[in-house]
Structures are given as structure tokens and as C-alpha cells.
Number of protein chains: 2
Amino acid sequence: MHVTRDELRDFAARAFVRVGLPESDACIIGELMAEAEFQGSEGHGIMRMNHYIRRIQAGGVNPKPNIRVVEERAAMALVDGDNGMGHLVMKRATGIAIEKARTCGVAWVGSQHSNHAGPASLYPRMALEHGMVALYFAVGNANHLPPWGGLDMLLSTNPIAVAIPTHEEPPVVLDMATTVAAYGKVKTKAQRGETMPVGWMIDRQGNPLTDPKRSAEGLLLPIGGYKGYGLALVFGLLAGTLNGAAMGKDVIDFNADDVTPTNTGQAICVIDPAAFGDPLEFKKRVDVVVRDLRASERMPGVERIWLPGEQSHLKKLEAQRNGTPIAPALQKSLDTLADSLGILRLSGGTP
Amino acid sequence: MHVTRDELRDFAARAFVRVGLPESDACIIGELMAEAEFQGSEGHGIMRMNHYIRRIQAGGVNPKPNIRVVEERAAMALVDGDNGMGHLVMKRATGIAIEKARTCGVAWVGSQHSNHAGPASLYPRMALEHGMVALYFAVGNANHLPPWGGLDMLLSTNPIAVAIPTHEEPPVVLDMATTVAAYGKVKTKAQRGETMPVGWMIDRQGNPLTDPKRSAEGLLLPIGGYKGYGLALVFGLLAGTLNGAAMGKDVIDFNADDVTPTNTGQAICVIDPAAFGDPLEFKKRVDVVVRDLRASERMPGVERIWLPGEQSHLKKLEAQRNGTPIAPALQKSLDTLADSLGILRLSGGTP
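Computed from a predicted model, the values in this text were never measured in an experiment.

About the criteria used
Residues numbered from 1 in each chain as written. Chains lettered and ligands numbered in written order. Predicted model: local features only at pLDDT ≥ 70, side-chain atom pairs only at ≥ 80, totals over all residues. Heavy atoms only, no water. Phe/Tyr/Trp six-rings, centres within 6.5 Å; stacked < 30°, edge-to-face > 60°. Helix = DSSP H or I, 4+ residues; strand = E, 2+ residues; numbered from the N terminus. Buried < 20%, exposed > 50% of the residue type's maximum accessible area, 1.4 Å probe, protein only. Lys NZ or Arg CZ within 6 Å of the ring centre and 35° of its normal. Pairing = 2+ DSSP bridges. Axes fitted to C-alpha atoms, helices over the stretch in contact; angles between N-to-C directions. Contact = heavy atoms within 4.5 Å. Core = buried A, V, L, I, M, F, W, Y, C linked by side-chain atoms within 4.5 Å. Domains from an automatic or database assignment. Buried area = accessible area lost by both parts, 1.4 Å probe. Salt bridge = Lys/Arg side-chain N within 4 Å of Asp/Glu carboxyl O. Polar contact = N/O pair within 3.5 Å; in protein donor to acceptor, adjacent residues only side chain to side chain. Least-squares fit on C-alpha atoms with pLDDT ≥ 70 in both. Parallel < 35°, antiparallel > 145°, perpendicular 65-115°, else oblique. Left-handed = near helix turned anticlockwise from the far one by under 90°. Nonpolar A, V, L, I, M, F, W, Y, C, P; charged D, E, K, R; others polar.

Details of the packing of aromatic side chains
Link 1 in the chain: Tallied over the full model, the rule gives six aromatic pairs over all chains.
Link 2 in the chain: For the ring pair B:Tyr123 and B:Tyr136, a centre distance of 5.6 Å and an interplane angle of 25 degrees mean the geometry is stacked. Of the two residues, B:Tyr123 is situated in helix α5 (residues 122–128) and B:Tyr136 in strand β5 (residues 133–138); the sequence distance between them amounts to 13 residues. B:Tyr136 shares its class with B:Tyr123; the two are buried.
Link 3 in the chain: An aromatic cluster is built from A:Trp108, A:Phe137 and A:Phe235, whose rings are joined through pairwise contacts.
Link 4 in the chain: The cationic tip of A:Arg304 hangs over the ring face of A:Trp306; the distance from NZ or CZ to the ring centre is 4.1 Å.
Link 5 in the chain: Lying across the ring of B:Phe38, B:Arg5 places its NZ or CZ 5.7 Å from the centre.

Set out below in C-alpha cells:
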């Protein structure tokens, strides 16, 4: 089945309204989940629907949050998400950061009492529409990463995303977990019945773990060994601890626990290139770097040199033409969800 | 030979004064080079002396720069280093960022027309003295990294450093190249006559390269494959391109070229935790995370779990007690430099 962006958004919105969210909030989340799916972030897209709804129904997420700024200076704010859906919290936070960056040149907005907000790149991408650069950091919602040399999973895959505007080229958008694989990718492999490559996870004896269904027994590996551990730690401290949000032992495994508020922390830093000089010249200089990299000499057997965000860009163009595919197993689970909520299915039918 | 911090600083200052730097500037650089050596960043410490002096003498670096702010908003500045030593430029930039963060909560200061500034962590560490958090990004001064799948070395090892204050624990200080090994480490291996581990570099056929004396034929490998390439790219765009500094093809190989200004770009982002709540509580929360990680269960054979910056901290304590060791080959080259400049040797003697 292929679905349009509007079908995805409307389906998600129907579900969120049914479990008590205001219609405007439900539409915002639906829009961002459709965006995630369209840019190819399927591990953080519509497949999270069942889980989101389950936690709202269980009381783990507040359907009617009072999202508000609790600390503020000229170039920063701390947003209390009141345990609402992370999409709502981080959309608000990003909007504040963009406004503050417009006057101050740069702004940093953190969140506390937030929740899972979809793929990291969604929020820095919002700054691109204003010709701005943005960096995003988040504490993941389950600890799968031990410190380097350790066995206790005290860290999450804490993602980093950076978006940089261009003039004619697709924007440069990096969106990466600080582990070799994000846990969402492990989940996608499990759902598709595929095995994982060696290097994604190890078991507690240090042996490679390739069956994604056994992922609960394993540890994710950080990129670059102790370097990835260091990145997960420092960006976790900035996105979590600095904001008074969960980090380390405080992190709630939202896969295993539907009722405890996660107190998720995130941070977005927005930079206005206009503060540094002519913003058009900046974007043109980024284009030059992009083109130099793309046109450079390739290793034998390599067909193309990709820029970060370029594959997402092409996936989005393709999805805008033909809709985005929904795998049969996912469609079935979404149909079951729709039927249990008594709403129209994503495919438009009823049981 | 073991030397004290003052001996290192004074030796470096003598050399810089002899090639035309004002005494106050020479002392600042000497202080920072001694600091680098004491924290164990020997690849970016006193071993760079010959190279720095050679470029100043050749006219590649301006001994009397007019370092000034060329763009400014409440929470940002762009500093033109006037092709002065990077240590001077980034010390100034960091001071500005700290002052702006004190009022705005966060500040971002970029540099252009700067030069190599020593180890990345020097500058975010300055924020620690003010109880602040800082992030530092820089474009390296020689391209050794191709894009993922490529052979053209269009990127440098573009380092990332992050410093986070603690209450009773050593500060958390991450300082890492986005490649598996920094080029400074390759140089150290070469100087010591050691071989490199497999995984640091490959040759143009994709085979492991382990002889550091052949490093000019090889390519550094990024951490996490395409992820490290992405990090080197985006932080290079932020530290270089955004500031109107060199990036990609524009980067001058300062090992091979003594005369062309490098137009090095760097960026420092300082965050004042006091803007987010009680700063002491923040530092105590960081302590808790640090202690939880250190005390966590270890893999068989692992003696200790290290926090980023902890080994540097211990090296500094040890160096403060007993001085820092200078390897015979390095001492010899520094003696030769001293003799050629007609200044007192590091060891205090004369030829």
C-alpha cells in the first residue's frame, strides 16, 4: 500500500483526537509523523503510532499539556513540556529558538518533561525554511549503550542532527545516532524479519548479536569506540542534565513502561547566517563544498558520493510523486489500532 | 627530561618574541602550549613549536595581528584573526563568548583568518572556570579525509570538543577528531618510530596503512564510516564556511606550505547553566552521572571505566607534581630551534 502525506497526517490525527488530544495538536503531530515517513525516517515515523497511543491511553503521556517557558534569557529558553507529546514540545521550542536567533544571532532552547519527538532531523529542518542553521540533541528513551568497557546500559543512542541551508543543492542534513545503529533501525529489522549486520550490537559476552528479536539481551555499539561513548555522554548531559531532564539511570525505558513520565530532554540551537555576513553568499559557499564532494574521485565500486540528507531529499521527492509505501505488517498493525479505536483505517476502510 | 609549566611557557615565549611577536602575545601562546602539554595533548603541544616558528618566519603567519570583531549581535560575534596565531584569536573569541553567555544565556563566536590553535579542548576548558559549558569546532589545517566512498581528501579531521563543569568530579571534557585518529597522533607515532594500529588509515587501494612515515600516501578513516564523514562535514561548514573561512578545497596544507595564509575557521559556543536553573544543582547532577558510569559493571578484562577528560585530568595532576616528560627526539629538535634563534634552550643551557 502507498499512502499520501495527507492520508498519513489525517490518520494519525484521528487516532490522537480519539485518545483525548485537541484537534490542533493532533494535526501538528500527524503532520510531523507524515514528514518523518516521507523523508524516509520510517524507524521514527508511523510505525511508532501504536506505541504512542498505548502510552497516552495508559496515562504515561499528558494529552492536554500546558507547554510553557520556565526559564528565559535573550538567547535561550527552557521549555517545560508538561509531559506532552515531544513533537508539540519541540515544535514550540524550535519556533522560540528561530525567533531568538533572528535578533541575537544564535539561540539555544532546551526542553524538560518532554517525550519522544520522532526523528531528530525534523526540528533543525524547520530552521532551514528561515535560511537558518540548526543543531539538535536529544536523550533517547531507552538505555541501550554502556560506557566504553562497561556492561551496564546507562546511556541511550542520543542522536545528533544538524541542518545547513544551501542555495541550489539539497540542504545538508545530518541525522545520526551516536551508536553504529539507532534502536529504531533495530526495530525496523525486527519488524521486517531481517537480521542485523555484525557491528550493530554485541551480547554481554562481547559476541556479535545479529538477531534483532534478541535485541533486549544485547548492547548497541558506539561509533568510533570511546568517541561515540563520549558523544552520547556529553550531548546527553546537554540535552538532559542541563535541562533538568532524565539522563543516565533516570531514563525510563518507554518500551517497557507505559505509565511513568519519561521527563525526556532535548535541545535545539539555531544560528542565523545573516548575522555572520551575506546569507546568500553563505548558501552559495555551501553549494560549492557540496558539489566538490559529490564530483570527487570515488573508490573502485562506489557508484555515487552522497551528502548527508541527500537520500532523504530524494526519498521525499519520490514520496511526493507516488506516496510512501507501508509494509504489510505495519499496515495490519495500524488497521488493528484503527479498529480498536473505532476510527477510519489508514487505507480508508473499516473492519 | 622533565620540565615545569613555567619552563615550557617561557621557552615558547622566548622563541615567539625572537620572531617578532609582542611579549604579551608570546606569553599567552606559551601558556596555552604549556597547558596543552600538561593535559597530555602532546600531539598539539610543544612539538608544534618548530612548525609554528617556521611559518611565522616564512611570512605565513602575522606576528602582529589586529584581531577584531567584524560582525556582532547580542549572542554572537565573528572575530577576524588577521592571520595571527590561532591561540590568540581563539582566546579572544572565547572571552567574548563567555561575556555574552553571561547576559544572553548562550553565545556563539566564530573566527576567520585564524590559524592552528593547539588542542581543541583548550578553549571550552576556559569556560569551566566560569562554571559554564562550552562546545568547540574547528577546521583542521590539512585535508586527510575523503568523503565516504571517495579518494579525494577534501575534508580535515575537524575536531569537536565539549567541556562540562562538575561539582566534585573532574570536569567532563571530550576532545576528539572526527577521524579514528587525529593527524597529530599520526605525527606522534612517526616521531616515536612506532607503527599505527589497523583502522587509523588506509591507502588509496583501501588496504590498511600502519607505517606513520607513509602517512602522506594514505587516507584517515572517519569514525562510524559515513557518520564521521557527516560530522567532519557539518562541523567544518559551521567552523569554516559560516565564518567565511577555508573549508574543503580552500584548506591550505600547513605542513606543506609555509607562506600562504590558512584562513582557518573555528567556533566556540558557550552556555551559562545559571540561565537554566541553579548552577550548583546542575554540577551535582553531572557528578551523579559521572559516578554512576564509573561505578558500573565492567566487561571482563577492563580495569576501569574512564570518563572523557579524566585521563587528561590525571596527567595534569601528575605533571604539576613532577613536570612533564620531553622525549629525547623532541628535546633535540627544540634545542636545534633554540640554537638557530639564539635563545636559551628549554633545558636552560646554551650550545
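What follows picks up the thread again.
Describing the sheet that holds strand β4 (residues 106–114) of chain B
Residue and element names in this part refer to chain B.
Link 1 in the chain: Read from one edge to the other, the open sheet built from seven strands follows the order β2-β3-β4-β11-β5-β6-β7, with strand pairing classed as mixed. In the strand order of this sheet, the two ends are held by β2 (68–73) and β7 (172–176), each with one partner. Neighbouring strand axes in the sheet, compared pairwise and without regard to direction, differ in orientation by 10 degrees on average.
Link 2 in the chain: Pairing of β2 with strand β3 (residues 76–80) involves five bridges; the strand directions are antiparallel. By the bridge assignment for β3, Arg-68 is matched with Asp-80.
Link 3 in the chain: Contacts from helix α4 (residues 86–104) reach β2, β3, β4, β5 and β11 (264–271) within the one sheet, and its direction differs from that of β4 by about 160 degrees.

Some words on the nonpolar core
Link 1 in the chain: A:Trp108, A:Ile164, A:Leu233, B:Trp108, B:Ile164 and B:Leu233 are the most contacted members of the largest nonpolar core, which totals 90 residues.
Link 2 in the chain: Those residues in contact with A:Ile164, other than ones at most four positions away along the chain, are A:Leu128, A:Val133, A:Pro171, A:Val172, A:Phe282, A:Val286, B:Val234, B:Leu237 and B:Leu238.

Concerning the domain arrangement of chain A
All names here are of chain A.
Link 1 in the chain: What the domain assignment lists for chain A is domain 1 (1–58 + 309–351), domain 2 (65–179 + 223–276) and domain 3 (181–221).
Link 2 in the chain: Spacing between the C-alpha centres of domain 1 and domain 2 amounts to 23 Å.
Link 3 in the chain: Of the roughly 2000 Å² buried between domain 1 and domain 2 on both sides combined, carbon and sulfur atoms contribute 62%.
Link 4 in the chain: The largest share of the area that domain 1 buries against domain 2 comes from Leu-32, Tyr-52 and Arg-55, three residues that together contribute 31% of it.
Link 5 in the chain: Linking domain 1 with domain 2 are one salt bridge.
Link 6 in the chain: Residue Arg-54 is joined to Asp-258 by a salt bridge in which the shortest nitrogen-to-oxygen separation is 2.8 Å.
Link 7 in the chain: Counting across the domain 1 and domain 2 interface gives eight residue pairs in polar contact (both at pLDDT 80 or more).
Link 8 in the chain: Taken together, the elements giving at least two residues each to the side of domain 1 that touches domain 2 come down to α2 (23–38), α3 (49–57) and α9 (310–322).

Considerations on the relation of the copies chain B and chain A
Link 1 in the chain: Least-squares fitting of chain B to chain A yields an RMSD of 0.0 Å, with the superposition described by an axial translation of 0.0 Å and a rotation of 180 degrees. Taken together, the turn and the small shift mark the pair as related by a two-fold rotation axis.

With respect to the interface of chain B and chain A
Link 1 in the chain: Across the contact, 79 residues belong to chain B and 79 residues belong to chain A.
Link 2 in the chain: Between chain B and chain A lies a buried interface of about 6500 Å² when both sides are counted; carbon and sulfur atoms form 73% of it.
Link 3 in the chain: The largest contributions to the chain B side of the interface with chain A come from B:Arg73, B:Lys227 and B:Phe276, which together make up 12% of the buried area.
Link 4 in the chain: Here chain B and chain A share six salt bridges between them.
Link 5 in the chain: Notably, a salt bridge pairs A:Arg204 with B:Glu297, separated by 3.2 Å at the nearest N-O pair.

Side note on the packing of helix α8 (residues 279–294) of chain A against helix α7 (residues 226–239) of chain B
Link 1 in the chain: Between α8(A) and α7(B), whose axes approach to 11 Å, the crossing angle comes to 150 degrees. By the angle between their axes, α8(A) is roughly antiparallel relative to α7(B). Handedness of the α8(A)/α7(B) crossing: right-handed. Across the interface between the two elements, A:Phe282, A:Val286, A:Val289 and A:Leu293 from α8(A) touch B:Tyr229, B:Leu233 and B:Leu237 from α7(B).
Link 2 in the chain: Residue classes in the contact of α8(A) with α7(B) are distributed as seven nonpolar, no polar and no charged.

Observations regarding the side chain of B:Thr262
Residue and element names in this part refer to chain B.
Link 1 in the chain: Mapped onto the secondary structure, Thr-262 falls in the loop between α7 and β11.
Link 2 in the chain: Polar side-chain contacts of Thr-262 include one of 2.8 Å to the side chain of Asn-115.
Link 3 in the chain: Beyond its immediate stretch of four places on either side in the chain, Thr-262 contacts Arg-55, Asn-83, Ser-114, Asn-115, Asn-141, Ala-246, Ile-252 and Phe-254.

Let's talk about the sheet that holds strand β9 (residues 208–209) of chain B
All names here are of chain B.
Link 1 in the chain: Here we have three strands laid out as an open sheet, ordered β9-β8-β10, and antiparallel in their pairing. On the outer flanks of this sheet lie β9 and β10 (218–220), each paired with one strand and no other.
Link 2 in the chain: As paired elements, strand β8 (residues 201–203) and β9 share two bridges and run antiparallel to each other. Residue pairing across strands places Ile-202 opposite Pro-208, the latter belonging to β9.

Overview of α3(A)
Residue and element names in this part refer to chain A.
Link 1 in the chain: Among the residues of α3, those classed as buried are Met-49, His-51, Tyr-52, Ile-53, Arg-55 and Ile-56.
Link 2 in the chain: At its buried positions, α3 is contacted by α1 (5–18), α2, α4 (86–104) and α10 (328–341).
Link 3 in the chain: Count one or two residues on from α3 and you reach Gly-59, which has phi positive near 90 degrees.

Concerning the pattern of salt bridges
Residue and element names in this part refer to chain B.
Link 1 in the chain: The final tally for this structure, using the stated rule, is 50 salt bridges over all chains.
Link 2 in the chain: A salt bridge links Arg-9 to Asp-10, with the shortest nitrogen-to-oxygen separation between them at 3.1 Å.
Link 3 in the chain: Across the salt bridge formed by Glu-42 and Arg-192, the nearest N and O atoms sit 3.5 Å from each other. Within this pair, whereas Glu-42 is found in the loop between α2 (23–38) and α3 (49–57), its partner Arg-192 is found in helix α6 (residues 183–192), the two being separated by 150 residues in sequence.
Link 4 in the chain: Residue classification places Glu-42 among the partly exposed residues on the basis of a relative accessible area of 27%.

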